[in-house]
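Summary of structural features
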Amino acid sequence: MNSGLIAIAAAIAISVSTIGPGIGQGNAASKAMEGMARQPEASGSIRTSLILALAFMEALTIYGLLIAIMIVGQI
């Protein structure tokens, strides 16, 4: 019984930590493409900012994965 609850907690941790940054990355990429289409001369700085923002969002996903691994390690 207890190991089942731990497995559910790990599944919730990884799913929540993946859905949020996934939606955020989609929105950020969409807005960056829109900005590059409106101002092609600023595409270099927009691209640099986008890559940096995507790296920070991906770090949140990795933290969720680490927490899920720590939770599963308690089984």
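In this report, we go over the structure that sits alongside the text. (Residues numbered from 1 in each chain as written. Predicted model: local features only at pLDDT ≥ 70, side-chain atom pairs only at ≥ 80, totals over all residues. Heavy atoms only, no water.)

Some words on the overall build of the chain
What the chain contains, in helices and strands, is two helices and zero strands. A compact globule built from 75 residues would reach a C-alpha radius of gyration of about 11 Å, whereas the chain, at 17 Å, exceeds it by more than 25%. Overall, the C-alpha framework of the chain stretches about 60 × 15 × 5 Å when taken along its three principal axes. Taking all 75 residues of the chain together, 19% fall into the buried category. (Helix = DSSP H or I, 4+ residues; strand = E, 2+ residues; numbered from the N terminus. Rg over C-alpha atoms; globule rule 2.2 N^0.38 Å. Buried < 20%, exposed > 50% of the residue type's maximum accessible area, 1.4 Å probe, protein only.)

Focus: the environment of N2
Secondary-structure assignment places N2 in helix 1 (residues 2-38). Judged by its relative accessible area of 53%, N2 falls in the exposed class.

A closer look at helix 2 (residues 43-72)
Taking 1.5 Å per residue, 30 residues should reach 44 Å; helix 2 reaches 43 Å between its end C-alpha atoms and fits that length. Listed as buried for helix 2 are S43, L50, M57, T61, G64 and A68. Looking at the packing, one finds that the buried side of helix 2 touches helix 1. (Expected span 1.5 Å × (residues − 1). Contact = heavy atoms within 4.5 Å.)

Focus on the packing of helix 1 against helix 2
Following both chains from N to C, one finds helix 1 and helix 2 inclined at 175°, their axes separated by 8 Å at the closest point. With respect to helix 2, the element helix 1 is oriented roughly antiparallel. (Axes fitted to C-alpha atoms, helices over the stretch in contact; angles between N-to-C directions. Parallel < 35°, antiparallel > 145°, perpendicular 65-115°, else oblique.)

Comments concerning the environment of G35
Residue position: G35 is located in helix 1. We classify G35 as partly exposed; its relative accessible area is 21%. Expressed as a C-alpha distance, the spacing of G35 and R47, which sit twelve residues apart in the sequence, is 9.9 Å.

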